[in-house]
Amino acid sequence: MHEELQLDNQICFRLYTASRLITQAYTPLLNELGITYPQYLVLMVLWEKDCQPVNYIAHRLLLETNTVTPLLQRMEKLGIVVRKKGKQDKRQQLVSLTDKGRNMEEKAYRLIPTGMGEMLKACPLQKEDYQHLANELDSIIASLKKNRMSEMTNQNEQ
């Protein structure tokens, strides 16, 4: 067996597992808000700056527009966001928070940081360790994004 192909030697497996388990840890907290983790991510984008085009939200979340659109449709049915055509460009869809969506920010603030902190308090990492980890993950993401963009450019040129 090749050592490079052993599961315990894969950083990708650790990232995948950590991501999956963290998302699962968010679930009971998000259930109190009546939303899913991807919907929470959209809300965070809109809480930062409301009334954004769909492609901006997709870009911020590193997702394709065709992945974000059904998510926004479900959020609209829940009464959390509204979608409307842009005034200058009718092809553009703008997404805005409803009062319900705006009011969810305060409840999320009370629930999620404290709840996740409680779940992670047994973890031996200190606050500065989390910042270092975030910086390292940002480097990995930037590198993979750059590679992806390069591959897409090469495909378009062919």
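As a reminder, the structure under discussion sits directly above these lines.
Cut-offs used in this document
Residues numbered from 1 in each chain as written. Predicted model: local features only at pLDDT ≥ 70, side-chain atom pairs only at ≥ 80, totals over all residues. Heavy atoms only, no water. Helix = DSSP H or I, 4+ residues; strand = E, 2+ residues; numbered from the N terminus. Buried < 20%, exposed > 50% of the residue type's maximum accessible area, 1.4 Å probe, protein only. Expected span 1.5 Å × (residues − 1). Bend = angle between axes of the 7 residues up to and from the residue. Contact = heavy atoms within 4.5 Å. Pairing = 2+ DSSP bridges.

### Looking at unusual backbone geometry
- Positive phi outside glycine occurs at Cys-51, with the angle close to 60°.
- Position of Cys-51 relative to the elements: it lies in the loop between helix H2 (37-48) and strand S1 (52-53).
- Since its relative accessible area comes to 34%, Cys-51 is described here as partly exposed.
- Positive phi is not limited to glycine here, since Leu-62 has a value of about 55°.

### Focus on helix H5 (residues 99-120)
- Counted at 1.5 Å a residue, the expected span for H5 with its 22 residues is 32 Å, and the 32 Å between its end C-alpha atoms agrees.
- Along its length, H5 shows its largest kink, about 40°, at Ala-108.
- Listed in full, the buried residues belonging to H5 are Gly-101, Met-104, Ala-108, Leu-111, Ile-112, Gly-115 and Met-116.
- The elements touched by buried residues of H5 are helix H1 (11-33), H2 and strand S3 (93-97).

### What about the environment of Ile-80?
- Mapped onto the secondary structure, Ile-80 falls in the loop between helix H4 (65-77) and strand S2 (81-85).
- In this structure the C-alpha to C-alpha distance between Ile-80 and Leu-97, which are 17 residues apart in sequence, comes to 6.1 Å.
- Beyond its immediate sequence surroundings of up to four residues, Ile-80 is in contact with Ile-35, Leu-43, Met-75, Ser-96, Leu-97, Thr-98, Lys-100, Gly-101 and Met-104.

### Side note on the pairing of S3
- Extensive coverage of S3 is indicated by the burial of 4 of its 5 residues.
- Across 2 bridges, S1 lies against S3 in antiparallel orientation. In the sheet register, Gln-52 faces S3, and the bridge partner there is Val-95.
- In the sheet, S2 pairs with S3 via 5 bridges, with the strands oriented antiparallel. For Arg-83, the partnering residue across the bridge sits in S3 and is Val-95.

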